[in-house]
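Residue-level structure breakdown
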Amino acid sequence: MPGYTYTDLYDPLRLRELFEVFRTSLRETDAVVSERYERYLKSRGADLTLVEISEVIVDTAPHVAAFIVELFQVRDEHGRMRRAVEDESVVFVFKREFVVRRALKRFRTTTEVDAEGVRAAVDALMRSPLGAPYASLDTERAMASFVVGLMNLDRGLRAATVIDGTLADDARAVVDALRDASSTNATLATRIPAVESVDESASVANALLELLDEWVAVEHYSPSVQTRDWVSLKLPHTLDYANLVELRTVAGFPAGAFMGPPETYRNRDGFALTDARYDHRHVLDEVHYCIFCHERDKDSCSKGLLDKEALPKRNPLGIVLEGCPLDEKISEMHVLKARGDGLAALAVITIDNPLCAGTGHRICNDCMKACIYQKQEPVNIPQAETGVLTEILAYPFGFEIYAFLTRWNPLNVGCPYPR
Ligand code: SF4
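Residues numbered from 1 in each chain as written. Predicted model: local features only at pLDDT ≥ 70, side-chain atom pairs only at ≥ 80, totals over all residues. Heavy atoms only, no water.

Some words on the overall build of the protein chain
Applied cut-off: Going along the chain from the N terminus, every DSSP run of H or I of four or more residues is numbered as a helix, and every run of E of two or more is numbered as a strand. Exposure classes here rest on a 1.4 Å probe applied to the protein chains alone. A residue is buried below 20% of its type maximum, exposed above 50%, and partly exposed in between. Between two residues, a contact is recorded if the distance between any of their heavy atoms is within 4.5 Å.
When its secondary structure is counted, the protein chain shows 16 helices and two strands. In terms of overall dimensions, the protein chain has C-alpha extents of about 75 × 70 × 50 Å along its principal axes. Expressed as a percentage of the 419 residues in the protein chain, the buried residues total 46%. For the protein chain, the proportion of contacts with a sequence separation of at least 24, taken over those separated by at least 6, is 68%.

If you want it as structure tokens, here you go:
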């Protein structure tokens, strides 16, 4: 940024001036948010409800991120990360609209399904011209894109009174590709109706989606090597507080000896960390699983899970559910990450938890224990937090940006710069 050098970012007076530059820039770019922010800054939230405080933080955070992007000249990287989130969105549309709301509702088991036939048919489909547009994507995103595209086509065909234009072109491409694919696969040949005209193509799209319902059920209940790690096919499991950790008896040992499942072992080799961090898609899966409870002042992960007397409840193991000991604004962080602004999300984390590099998924999970999901797996907040931080650390000047936020953060209205 013109007029600022790197050493200025460690000078309290220059940081104070920079804060004034931010306020002016916010006023010029978004007068409405600026007015709400100035009110929050002045009162420190004393005249606002908790929901209003969350709203002003969520609305101001992208402006803080944009200001820092200009300060450190990381426009390209920030744009890339935004696009990476947008690109992944199809996976979560597929999961929500097709896997959860359709396929797994239809199939509670796969006993009636010809698993091998269905797998071979879907494999043939993805190798046909229908799968070609997605060939450069990883297999999960390719399948998600294919199914979401087919759902849109199906919706369009069912709503149309006349099939013409792009809709007719898309329908014809499916009918033609299927004619070829069906000649090499017996399941496709018997399951998909042979039609000659696009006017009948709705039956083809519907039959394809029904086949894909079965495929999703097969891969969900008996994952193959290819789909084992797909977030789109994984659903949160029910919590059994008496068996939170899976135990197995040990052959040849006296009763009472237990072992964990060998596939979960993490072998210690040297001093390196033994657990892998979540990749970007898994982080986004947690973020999409969150239902952003701050919008209703119900974010128990942060504020604690309270009873009618506003006292923290206990879970079936007697653990007091007080939520994050730092009151980190977790739900607000999630909503910003889900919108593709990881830097705004990190700015929110650092309000209450500037030392997040020392917390995250290896330290504490009080937030998870108090998550609103008490009967099923909670949101894995520490992994999401670690994911947000590591995403920014990978930017050029990533460490400097994170360290800067610990000293200068307009969202931290109690102390936006060192005094
Ligand atoms: S992490 Fe859990 S409690 Fe917190 S906002 Fe998300 S769903 Fe709600």
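What about the nonpolar core?
Stated formally: We define a nonpolar core as any set of buried Ala, Val, Leu, Ile, Met, Phe, Trp, Tyr and Cys residues linked to one another through side-chain atoms lying within 4.5 Å.
The biggest cluster of nonpolar side chains holds 62 residues, and the ones touching the most others in it are L18, I68, L346, F404 and W408. Residue assignment for this core shows that the elements contributing at least two residues are α1 (12-29), α2 (31-43), α3 (50-72), α12 (330-338), α13 (342-352), α14 (366-369), α15 (381-393) and α16 (398-407). Looking at which element gives the most residues to this core, the answer is α3, with twelve residues. The contact partners of I68, leaving out residues within four places of it in the chain, are Q73, L343, I401, F404, L405 and W408. Counting residues in each nonpolar core, the second largest holds 53 residues, with A103, V113, A168 and L212 among its members.

Focus: the packing of aromatic side chains
What counts is decided by this rule: Ring pairs are drawn from Phe, Tyr and Trp, using the six-membered ring of Trp, whenever the two centres fall within 6.5 Å, and their geometry is named by plane angle: stacked under 30 degrees, edge-to-face over 60, tilted for the rest.
Tallied over the entire structure, the rule returns 13 aromatic pairs. Ring plane angle 65° and centroid distance 5.6 Å describe the contact between F72 and F404, whose orientation is recorded as edge-to-face. Here F404 lies in helix α16 and F72 lies in helix α3, a separation of 332 residues in the sequence. One exposure class covers both F72 and F404, and it is buried.

Examining the packing of helix α6 (residues 139-159) against helix α9 (residues 201-221)
So the rule is basically this: Helix axes are fitted only over the stretch in contact, all axes being lines through C-alpha atoms; the angle between N-to-C directions runs from 0 to 180 degrees. What makes a crossing left-handed is the near helix being turned counterclockwise from the far one by less than a right angle; a clockwise turn instead makes it right-handed.
Look at α6 against α9: their axes get within 9 Å of each other, and the N-to-C directions meet at 145°. Handedness of the α6/α9 crossing: left-handed. Contact residues: M143, F146, V147, L150, M151, D154 and L157 in α6; S201, A202, A205, N206, L208, L209, L212 and W215 in α9.

Comments concerning the pattern of salt bridges
How we decide: For this analysis, a salt bridge means a side-chain nitrogen from Lys or Arg found within 4 Å of a carboxyl oxygen belonging to Asp or Glu.
By the definition in use, this model includes 32 salt bridges. The closest approach of N and O atoms between E17 and R14, which form a salt bridge, is 2.5 Å. With E17 and R14 both in helix α1, this residue pair falls three residues apart, about one helical turn. Using a relative accessible area of 19% as the deciding quantity, one classes R14 as buried. For R96, the salt bridge goes to E97, with nearest N and O atoms at 3.2 Å. When its relative accessible area of 26% is taken as the criterion, E97 is described as partly exposed.

So, helix α10 (residues 280-289)
Counted residue by residue, α10 has eight buried out of ten residues, so it is predominantly covered. Among the residues making up α10, those that are buried are R281, H282, V283, L284, D285, E286, V287 and Y289. Looking at the packing, one finds that the buried side of α10 touches α4 (75-106), α6, α12 and α15.

A look at the domain arrangement of the protein chain
Selection rule: What marks off one domain from the next here is an automatic or database domain assignment.
If you check the domain split of the protein chain, you get domain 1 (6-82 + 278-407) and domain 2 (111-221). Spacing between the C-alpha centres of domain 1 and domain 2 amounts to 41 Å.

Regarding α13
Within α13, ten of the eleven residues are buried, which leaves the element mostly enclosed by the surrounding structure. For α13, every residue scored as buried is listed here: G342, L343, A344, A345, L346, A347, V348, I349, T350 and I351. The inward-facing, buried residues of α13 abut α3, α4, α12, α15 and α16.

Thoughts on the environment of R14
Measuring from C-alpha to C-alpha, the distance between R14 and R39 comes to 24 Å, with 25 residues separating the pair along the chain. When residues no more than four places from it in sequence are discounted, the contact partners of R14 are G3, Y4 and D8.

What about unusual backbone geometry?
Backbone geometry at R44 places phi at a positive 55°, although glycine is not the residue there. On the secondary structure map, R44 appears in the loop between α2 and α3.

Brief notes about the site of the ligand
Keep this limit in mind: When at least one non-hydrogen atom of a residue lies within 4 Å of a molecule or strand, that residue is treated as near it. Residues are grouped as follows: nonpolar covers Ala, Val, Leu, Ile, Met, Phe, Trp, Tyr, Cys and Pro; charged covers Asp, Glu, Lys and Arg; every other residue, Gly included, is treated as polar.
In the neighbourhood of the ligand, the contacting residues comprise C290, I291, C293, S300, C301, S331, C371, I372, Y373, V379 and I381. Of the residues assigned to the shell around the ligand, the class counts are nine nonpolar, two polar and no charged.

So, the side chain of H294
Cut-off, in case you're wondering: Here a polar contact is taken to be a pair of N or O atoms separated by no more than 3.5 Å, where protein atoms must pair a possible hydrogen donor with a possible acceptor and residues adjacent in sequence count only if both atoms sit in side chains.
Along the chain, the position of H294 falls in the loop between α10 and α11 (300-303). The class of H294 is buried, set by a relative accessible area of 5%. Within the local environment of H294, its side chain forms a polar contact with the side chain of S331, the two groups lying 2.6 Å apart.

Focus: the packing of α15 against α16
Where we set the bar: We call two directions roughly parallel when the angle between them is under 35 degrees, roughly antiparallel when it is over 145, roughly perpendicular when it lies between 65 and 115, and oblique otherwise.
With their axes 7 Å apart at the nearest point, α15 and α16 run at an angle of 125° to one another. As the angle between them shows, α15 and α16 are arranged oblique. In this structure, α15 contributes L389, I392 and L393 to the contact, and α16 contributes G398, F399, I401 and Y402.

What to know about a nonpolar patch on the surface
Note the cut-off: Surface patches are defined over residues having more than 30% relative accessible area and no salt bridge, joining like charges when they lie within 9 Å and nonpolar side chains (Val, Leu, Ile, Met, Phe, Trp, Tyr) when within 5 Å. Surface accessibility in these figures is a Shrake-Rupley result with a 1.4 Å probe; residues are shielded only by whichever protein chains are displayed.
A cluster of nonpolar side chains, L244, V245, L247, F258, L317 and I319, forms an exposed patch at the surface whose accessible area comes to about 580 Å². For V245, the position within the fold is in the loop between α9 and β1 (248-249). What makes V245 exposed here is its relative accessible area of 59%.

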